[in-house]
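A look at the structure
Here are the chains, one letter per residue:
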Amino acid sequence: MTVFHFTGIKGSGMSSLAQILFDAGEQVQGSDVDKYFFTEQPLRERNIPIFIFNADNIKEGMTVIAGNAFPDDHPELVRAQEIGVEIIRYHKFLGEYIGNYTSIAITGAHGKTSTTGLMAHVVGGYKPTSYLIGDGTGAGHENADFFVMEACEYRRHFLAYNPDYAVMTNIDFDHPDYFANIEDVYSAFQSLALQVKKAIIACGDDEQLQRIQAKVPVVYYGFGAENDFEARNVEKTTKGTKFDVFVRNEFYSTFFIPLFGDHAVLNTLAVITLCEYEGISPDIIQERLHTYKGVKRRFTETDIGDTVLIDDYAHHPTEIRATIQSARQKFPERELVAIFQPHTFTRTQAFLQDFADSLSLADTAYLCDIFGSARETQGALSIHDLASLIEGSAVITTEGIDILTKHKGAVFLFMGAGDVHKFQDAFEDVLTNNETA
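Note that the coordinates shown come from a computational prediction; the quantities given were computed from them, not determined experimentally. (Residues numbered from 1 in each chain as written. Predicted model: local features only at pLDDT ≥ 70, side-chain atom pairs only at ≥ 80, totals over all residues. Heavy atoms only, no water.)

On a plain count of helices and strands, the protein chain comes out with 13 helices and 21 strands. Here the C-alpha atoms of the protein chain give a radius of gyration of 22 Å, agreeing with the 22 Å that 2.2 N^0.38 yields for 437 residues. Principal-axis analysis of the C-alpha atoms places the extent of the protein chain at approximately 60 × 55 × 45 Å. Across the 437 residues of the protein chain, 57% fall into the buried class. Put simply, 64% of the contacts in the protein chain that link residues at least 6 apart link residues at least 24 apart. Carbon and sulfur atoms form 48% of the exposed surface of the protein chain, whose accessible area is close to 18,100 Å². Taken together, the 35 basic and 61 acidic charged side chains of the protein chain have centroids lying 2 Å from each other. (Helix = DSSP H or I, 4+ residues; strand = E, 2+ residues; numbered from the N terminus. Rg over C-alpha atoms; globule rule 2.2 N^0.38 Å. Buried < 20%, exposed > 50% of the residue type's maximum accessible area, 1.4 Å probe, protein only. Contact = heavy atoms within 4.5 Å. Areas by Shrake-Rupley, 256 points an atom, 1.4 Å probe, with all protein chains shown as cover. Lys, Arg positive; Asp, Glu negative; His and termini not counted. Charge placed at Lys NZ, Arg CZ, Asp CG, Glu CD.)

And the structure:
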């Protein structure tokens, strides 16, 4: 049996794919740096071997799946080339693998992970479903009918896929280190649209997505009356959100989701649209919506005494607004304190004022130093440039985290795509020590 070796196995997509292959009965191992990442937990739960990067990890007879972040001159990939071991890039392997299933690719600048998790959970209540989520979660089934996957637009990697369905949540300018402008982003999505085999399910409230041209039907969902699938009579409470769905102006069904914010309604509408297209009944959809527990780092709540801590991956102004809106719905009477760690210098520079405007929607904002990336370790600005644009904000460190304790009974939103969790961990330690003192 072929051993699949993952070079960069702790990457979010790589970890998910390794889990899928393992669950489907394949022999899997991988390598990465020694530092702990939350994406490795499900690998360790499966006892998948994880080694430190080393050329000696590569043996004859393996197939090497290489993470997109690693260049061809990486020592493991050089060794594989020397001994004639097949090397296949992550997105190319995945593009070939999904051909065995009815594939549903979820893409968009925002909402990919949440929608993928919800889609996998709902469709999985109908038929066996394998899924790959960008939060490092994956599951495989040997007899799966559906394959639900998160498809990232960064560097146009999603063009390696020819899915049966593409769900497009939105088109927004992000990844300024790669895309030139919004038109460049649109062109990437337009290219993907021409590769879809059955149908595109797109948010019709998004101006850019209204322009999409395809060889297959484009079915639109949203709040606007011109959409094929429309949410009406939305009722928001501290328990969740209830709404009616109309299909081409005819009542379809009423749904309740234990989720918060307009974006949660839109994500759910995308799932409902796909399910209706595949003949999945509203009863199954509603039953699965009730039991959905969410995905990692998307409005993940921790309660310590009367303090609520929320961990969220929001790292773009649009996502920050959505997270704050969700918190306002669930905790309307509470003070909202944002703790934000910008991710990459180019993104911080490109959206500096937008970040300031979105963070100002919280009652108070605290800022952590900018988290760089392997490609970008420094930039022309610092966190203080952002702090100067947000009235009453302050820059904090893990050592000075106890400053947050002055916000008694508040809801704390820890947001970012880097290692903002270390600030939450430090604050949890302070709160726990105060509880036991």
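Additional details are given in the paragraphs that follow.
A general trend in soluble globular proteins is that nonpolar side chains are found buried together. One finds Phe6, Ile65, Met168, Leu359 and Leu386 to be the most contacted residues of the largest nonpolar core, which totals 113 residues. The residues touching leucine 386, leaving out its near neighbours within four places in the chain, are Phe340, Pro342, Leu352, Phe355, Ala356, Leu359 and Leu367. Residues Leu404, Ala410, Phe412 and Ala426 belong to the second largest nonpolar core, which totals 18 residues. (Core = buried A, V, L, I, M, F, W, Y, C linked by side-chain atoms within 4.5 Å.)

With that settled, consider the pairing of strand β6 (residues 102–107). With 6 of 6 residues buried, β6 is to be regarded as a mostly interior element. Along β6, one buried face is formed by Thr102, Ile104 and Ile106 and the opposite face, lined by Ser103, Ala105 and Thr107, is buried too. Taken together, the 5 bridges between β6 and strand β9 (residues 146–150) define a ladder with parallel strand orientation. Paired with isoleucine 106 across the bridge in β9 is glutamate 150. (Pairing = 2+ DSSP bridges.)

Another aspect to go through is the sheet that holds strand β15 (residues 250–257). Taken in spatial order, the 10 strands of this open sheet run β8-β7-β9-β6-β10-β11-β12-β13-β14-β15, and their pairing is mixed. Looking at which strands have only one partner, the edges of the open sheet turn out to be β8 (137–139) and β15. In this sheet, neighbouring strand axes are inclined to one another by 15 degrees on average, regardless of whether the strands run parallel or antiparallel. (Axes fitted to C-alpha atoms, helices over the stretch in contact; angles between N-to-C directions.)

Relative to each other, helix α1 (residues 12–23) and helix α4 (residues 90–97) sit at 40 degrees, their axes nearing to 11 Å. Classified by the interaxial angle, the pair formed by α1 and α4 is oblique. The element α1 and its partner α4 pack so that their crossing is left-handed. For the pair α1 and α4, contact is made by Gly13, Met14, Leu17, Ile20 and Leu21 and by Tyr90, Phe93, Leu94 and Tyr97, respectively. Within the contact of α1 with α4, the residues separate by chemical class into 8 nonpolar, 1 polar and no charged. (Parallel < 35°, antiparallel > 145°, perpendicular 65-115°, else oblique. Left-handed = near helix turned anticlockwise from the far one by under 90°. Nonpolar A, V, L, I, M, F, W, Y, C, P; charged D, E, K, R; others polar.)

Tracing the sequence through the fold places glutamate 230 in strand β13 (residues 229–236). Taking relative accessible area as the criterion, glutamate 230 reaches 7% and is therefore assigned buried. At 3.0 Å, the side chain of glutamate 230 forms a polar contact with the side chain of arginine 232. Not counting residues up to four positions away in its chain, the partners in contact with glutamate 230 are Gly222, Phe223, Gly224, Ala225, Asp244, Val245, Phe246, Asn249 and Leu269. (Polar contact = N/O pair within 3.5 Å; in protein donor to acceptor, adjacent residues only side chain to side chain.)

Such coordinate-based values are descriptive only and should not be taken to indicate function.
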